[in-house]
Amino acid sequence: MLRSALSIGLVSATVLLSGAALTGSASAEPGAAPAPPPPGPGHSAPVPADSLRALGDRIGLRIGTAVNTDELGSNAEYTRITAEQFSSVTPENVMKWQLVEPNRGTYDWAAADRLVSFAKKNKQLVRGHTLVWHNQLPTWLSSDGFTTTLSNNEVKAVLKKHIQDQVKHFKGDIWQWDVVNEAFDDDGKPRETIWYKAWGGLGYIADAFRWAHEADPKALLFYNDYNLEFTGPKSNAVYDFVKTLKAQRVPIDGVGFQGHLDTQYGFPDLQNNLQRFADLGLKVAETEVDVRTFTEAAPNVNTPTNPLAVYAQESYWSRALKACLAVRECISFTPWGFGDTYSWIPGWFADPQEGAALLYDADLKPKSQYYVIQQDLALAAGAPRRDGGGPGRP
Ligand code: 9MR
């Protein structure tokens, strides 16, 4: 049913476009609506009524994607899908410290700026990712996130400058900032990163949120991590920690649940975790969802070894979305990219091989997982309407 609705949607978009191209100046008749601009790199395309973004809009839920900025603009199909299907974008890499300040004191904002301007043209909001992390740091600062040649005072000074400069650069353009990413280990202990060591504890996190808030008081500020989906030592530790941040009036607005799921593990009690964090007075979001499964060896890294695995994947996608739908404070649902070719999974989980984790296949064709999500959104009109505001606070 929805499959055919989708193809009808695409057909009408095509008709609309070719009609505009054919009529040209004829559309300048008195009273006629102006022809929509042709889709292309950086140009806004008409949003199909059955797209994920249009369906999510009906209940105020932003459907996002991580974006590979090398493909955006250079790959027409990738660009079209980014514009048509998603109402929020997250730079997969280009706002990370390693990329914005590869040489100390010299910023390169070019790729991130291009994404922000694409988002404006396409009426999308931006999740800024990420200000404080132990990965993808420039080598002048640290090659592993745990050791550095800088003194503790220098580390503190460079983090403050980094946050102030980056948040000011994008001031007014960022809806949600992942201020701090992955500060806890799976056992619930703080990760002993260069930040932890310089501060002698987790004090860097409150400072980071305060500096970010000063630089852009309207941006929503998030703590972001993986495996918060499951109740356990990590999720409990982060829960207790953000509760103390709230008690200390640190300007934290939300918690991001990355949602990197795998069919070999049971589905987490995600809704319960989203709700208990929301009950602390926080917004929540699913920020990096993918659902991996065992796949064949290279070059078929996105072909599941078990043909039945797709049913587990469909179920996990659906339940991950429904957990967000059920929690009013869940303001965005963001898969970590949309084409299996661009996913981080096959490269990272290669022994044993896993892959096929996203909603679109290696040829950028929607998979059955896409249609499940589309149908869930189409049926979600009765879910609580949410208001994530944006950019900035509601
Ligand atoms: O998808 C990102 C990949 O291209 C990078 O090589 C990798 C480096 O660690 O980071 C990936 O994105 C991560 C995100 O920034 C934070 N959560 C985990 C994501 C997957 O590793």
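Cut-offs and rules
- Residues numbered from 1 in each chain as written.
- Predicted model: local features only at pLDDT ≥ 70, side-chain atom pairs only at ≥ 80, totals over all residues.
- Heavy atoms only, no water.
- UniProt positions renumbered as here; feature names shortened; annotations may be inferred.
- 1 Å grid on protein atoms, 1.4 Å probe; cavity = no way out; pocket = protein on both sides within 12 Å on 5 of 7 lines; lining within 4 Å.
- Points joined across faces, edges and corners; volume = space filled by probe spheres on them.
- Helix = DSSP H or I, 4+ residues; strand = E, 2+ residues; numbered from the N terminus.
- Salt bridge = Lys/Arg side-chain N within 4 Å of Asp/Glu carboxyl O.
- Buried < 20%, exposed > 50% of the residue type's maximum accessible area, 1.4 Å probe, protein only.
- Near = heavy atom within 4 Å.
- Polar contact = N/O pair within 3.5 Å; in protein donor to acceptor, adjacent residues only side chain to side chain.
- Areas by Shrake-Rupley, 256 points an atom, 1.4 Å probe, with all protein chains shown as cover.
- Sits in = over half its atoms within 2 Å of the grid points.
- Nonpolar A, V, L, I, M, F, W, Y, C, P; charged D, E, K, R; others polar.

Looking at an unreviewed UniProt entry, one finds the chain named Beta-xylanase, with Microbispora hainanensis as its source organism. Quoted verbatim from the Catalytic activity (unreviewed entry) field of the UniProt record, the comment on the chain reads "Endohydrolysis of (1->4)-beta-D-xylosidic linkages in xylans." In the Sequence similarities (unreviewed entry) part of its UniProt record, the chain is described as follows: "Belongs to the glycosyl hydrolase 10 (cellulase F) family."

Trainee: Please explain empty space enclosed by the protein as it appears in this structure.
Mentor: It is the rolling of a water-molecule-sized probe over the atoms that shows where space remains empty. Under the definition given, this model contains three cavities of 30 Å³ or more. The volume enclosed by the largest cavity comes to roughly 40 Å³. Around the largest cavity sit Lys-96, Trp-97, Thr-130, Leu-131, Val-132, Trp-133, Asn-135, Gln-136 and Leu-137, which together line it. In terms of residue count, strand 3 (residues 125–132) provides more of the lining of the largest cavity than any other element does, three residues in total.

Trainee: Help me understand the pattern of salt bridges in this model?
Mentor: Pairing of side chains with opposite charge becomes possible as their charged atoms draw close. Inspection of every chain in the model, using the stated rule, returns 13 salt bridges. Of the charged contacts, one joins Asp-178 and Arg-127 as a salt bridge, the two residues approaching to 2.7 Å between their closest N and O atoms. With a gap of 51 residues between them, Asp-178 in strand 4 (residues 176–181) and Arg-127 in strand 3 connect regions that are remote in the sequence. Across this residue pair, the class does not change: Asp-178 and Arg-127 are buried. As a salt-bridge pair, Asp-340 and Lys-367 come within 2.6 Å of each other at their nearest N and O atoms. Of this pair, Asp-340 sits in the loop between strand 9 (330–335) and helix 12 (345–348) while Lys-367 sits in the loop between strand 10 (354–355) and helix 13 (368–378); the two residues are 27 residues apart in sequence, bridging distant segments of the chain. Assessed through its relative accessible area of 2%, Asp-340 is described here as buried. Look at the salt bridges and you will find they share partners, linking Glu-77, Arg-80 and Glu-84 into a network.

Trainee: Whenever I open this one, the site of the ligand confuses me. Can you help?
Mentor: The ligand sits among 13 residues. The nearest are Glu-92, Lys-96, His-129, Glu-182 and Glu-288. Measuring from a nitrogen atom of the ligand, one finds a side-chain N or O atom of Gln-258 at 3.2 Å. Calculation on the ligand without its partners gives an accessible area of 460 Å², and the protein chains cover 80% of this total. The cavity that encloses the ligand is the largest pocket. Of the residues contributing to the shell around the ligand, the split by class is three nonpolar, six polar and four charged.

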